[in-house]
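# Structure assessment
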Amino acid sequence: MMNMECKLEILTAVNIGCGEVLSQFSDYVYDNGFVYYLDHDLLFRELAKKPECDEIIDQFVMIVQKQARGNVQDRFKLKSFLVENGLDYKKYTLRKVPVKEEVKEQIQLHIKSGNCAYIPGSSLKGAIRTALISYFFKSGEDLSRRKRYIGEDIFGKYGEDVLKYLLISDTMPFPEENLRIVRFYKMNLKTKRTDIPVIKEVISRGSVSTFSIKSKAKKGEVQEKFSFLLEGNEEALFEIINNYTQQNIEIELKQLHSCRGEEVKDLEEFYNSLLQEVNNADSTKEAYLRIGSGKTYYDNTVAQKFSEDFRRQIIKNNFPKADVDFFPKTRTVIIEGFSKIAPGWVKITKI
């Protein structure tokens, strides 16, 4: 059977972390709305051509060490050092990425393959798996002492998991011009305060790529309730994903509504609009999903299926310091100018 080819559209900036970071002391230069990622190999090859090579490299190392120790007076002199030594850093960069305002912090990078950004199939499948667990979850399950529930009782344990019949590819690479640098903030919905931001590389809103979904089970290999795993029946996933997303958005709007104010107005407007899109979606070929950095407790769990009493019990047992009447109290947002954006939303469309 053929794969089901899909388009993936980035609705709000997406970051899938890879564990790699750029140091503000040695790995990039900010200049006039762009971050330039330094190519150290090129840079040091150029330095090696200079008669005073050893002296210049020692000076570079000293600057990096001073900055890393937090000497404010010596911080952020990397750009000046390069210019003073006749090195045009723009010639020795891996890429330049736009940013709204100057950054002076560590940058957490998006996952790449061969230096090209993409969305891993494992990230998409993980989010879809959570939606499927919620679809099959029976509210009588005792999860009160468990922080993490991965649906082994539904799909089977590792090695026997029926979702082995569901194959989801990585997306095709995104063009370099789709990358941006943004600030991720944790906002307390009660106090409306934000903490110190984390700087991340993201795939920007409006970016588009493609990937494939393939169900490969043959009749008799899976139970009837897992019909979406049968060859050629991948479309059945869309309605399940949309139902999960719809319920989570409704929960999110209810909580945002309870703490109304100018500080959350952007988020309310976004989720009202997104809910309308999900409700109007053709669930035979369209689905809305949240992936990557910034997801909430509800985006990562089956909590939407809990009764109010059971939800309170789960929170009390697993998050003893949390307010059971207002959980979770923080949201990850991207702030650009005066606008707040909820990251990680994508739309999947059958091609």
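The coordinates are above.
Residues numbered from 1 in each chain as written. Predicted model: local features only at pLDDT ≥ 70, side-chain atom pairs only at ≥ 80, totals over all residues. Heavy atoms only, no water.

### Side note on the overall build of the chain
Note the following rule: A run of DSSP states H or I qualifies as a helix once it reaches four residues; a run of E qualifies as a strand once it reaches two. Both are numbered from the N-terminal end. We call a residue buried when its accessible area falls under 20% of the maximum for its residue type, exposed when it is over 50%, and partly exposed in between, using a 1.4 Å probe and counting protein chains only. Should any heavy atoms of two residues lie within 4.5 Å, those residues are considered in contact. Here the accessible surface of atoms and residues is derived via Shrake-Rupley with a 1.4 Å probe, and residues count as covered only by protein chains that are part of the display. Under the convention used here, Asp and Glu are negative, Lys and Arg are positive, and both His and the chain ends fall outside the count. In this description, the location of a charge corresponds to atom NZ of lysine, CZ of arginine, CG of aspartate or CD of glutamate.
Across its full length, the chain carries 8 helices and 16 strands. Across its three principal axes, the chain shows a C-alpha extent of roughly 75 × 50 × 35 Å. The 351 residues of the chain split such that 48% are buried. Of all intrachain contacts in the chain linking residues separated by at least 6 positions in sequence, the fraction that spans at least 24 positions is 76%. When the accessible surface of the chain is totalled, it reaches about 18200 Å², and 47% of it is carbon and sulfur. Taking the average place of the 54 positive charges on the side chains of the chain and the average place of its 51 negative ones, the gap between the two points comes to 3 Å.

### Side note on helix H7 (residues 262-280)
The test is simple: Here, expected helix span is obtained from the residue count minus one, scaled by 1.5 Å. Summarising the geometry, the arc corresponds to the directions from the helix axis toward the C-beta atoms.
Under the 1.5 Å per step criterion, the end-to-end length of H7 is 28 Å for 19 residues, consistent within 8% with the ideal 27 Å. Of all the positions in H7, only Val264, Leu267, Glu268, Tyr271, Leu274, Leu275 and Val278 are classed as buried. Around the axis of H7, the buried residues are gathered within 140° of arc, so they sit on the same side. Across H7 from its buried face, at more than 90 degrees, point the exposed residues Glu262, Gln276 and Asn280. Packed against the buried residues of H7 are strand S10 (179-188), helix H6 (236-258), strand S13 (286-290), strand S14 (330-336), strand S15 (339-341) and strand S16 (345-350).

### Let's talk about the packing of H6 against H7
Our working definition: All axes are obtained by fitting lines to C-alpha atoms, using only the stretch in contact for helices, and the reported angles, taken between N-to-C directions, cover 0 to 180 degrees. For classification purposes, an angle smaller than 35 degrees is called roughly parallel, one larger than 145 roughly antiparallel, one from 65 to 115 roughly perpendicular, and anything else oblique. Two helices cross in a left-handed way if the nearer one is turned anticlockwise from the farther one by less than a right angle. They cross in a right-handed way if the turn is clockwise. Polarity classes work like this: nonpolar for Ala, Val, Leu, Ile, Met, Phe, Trp, Tyr, Cys and Pro, charged for Asp, Glu, Lys and Arg, and polar for all others, with Gly in that last group.
Following both chains from N to C, one finds H6 and H7 inclined at 155°, their axes separated by 10 Å at the closest point. As summarised for this structure, H6 and H7 are arranged roughly antiparallel, according to the angle between their axes. Between H6 and H7 the crossing geometry is left-handed. Of H7, the residues touching H6 (which contributes Asn242, Thr245, Gln246, Ile249, Glu250, Glu252, Leu253, Leu256 and His257) are Val264, Leu267, Glu268, Tyr271, Asn272, Leu274, Leu275, Val278 and Asn279. The residue inventory of the contact of H6 with H7, partitioned by class, reads 9 nonpolar, 6 polar and 3 charged.

### A few points about the pairing of strand S11 (residues 198-203)
Our working definition: Strands qualify as paired when DSSP identifies two bridges or more between them.
For S11, the tally of buried residues reaches 5 of 6 residues, placing the bulk of the element in the interior. The sheet contact formed by strand S6 (residues 107-110) and S11 spans 2 bridges and is parallel. What sits directly across from Gln108, in S11, is Lys200. Of the pairings in the sheet, the one linking S10 to S11 comprises 6 bridges and is antiparallel in character. Bridge pairing in S11 links Ile181 to Glu201.

### Digging into the sheet that holds strand S1 (residues 4-10)
Taken together, 5 strands build an open sheet; the order of strands is S9-S12-S1-S16-S13 and the sheet is antiparallel. The two strands at the open ends of the sheet, each matched to only one other strand, are strand S9 (166-168) and S13. Strand-to-strand twist in this sheet, taken as the mean axis angle between neighbours without regard to direction, amounts to 25°. Bridge analysis of S1 against S16 gives 5 bridges, and the strand direction is antiparallel. Within S16, the residue paired with Cys6 across the bridge is Lys350. Running at roughly 45° to S13, H6 makes contact with S1, S9, strand S12 (208-215), S13 and S16 of the sheet.

### Some details on the sheet that holds strand S3 (residues 28-31)
With antiparallel pairing, the 3 strands of this open sheet are ordered in space as S3-S4-S5. Either end of the sheet is taken by a strand with one partner, and the two such strands are S3 and strand S5 (93-98). Adjacent strand axes in the sheet meet at a mean angle of 20° when their direction is disregarded. Of the strand pairs in this sheet, S3 and strand S4 (residues 34-38) are connected by 4 bridges, and their pairing is antiparallel. Counted as the bridge partner of Tyr30 is Val35 from S4.

### A closer look at the pairing of S13
The buried count for S13 comes to 5 of 5 residues, which makes it a mostly enclosed element. Residues of S13 alternate between two faces, with Glu286, Tyr288 and Arg290 on one and Ala287 and Leu289 on the opposite face, all of them buried. Across 5 bridges, S13 lies against S16 in antiparallel orientation. Bridge pairing in S16 links Leu289 to Val346.

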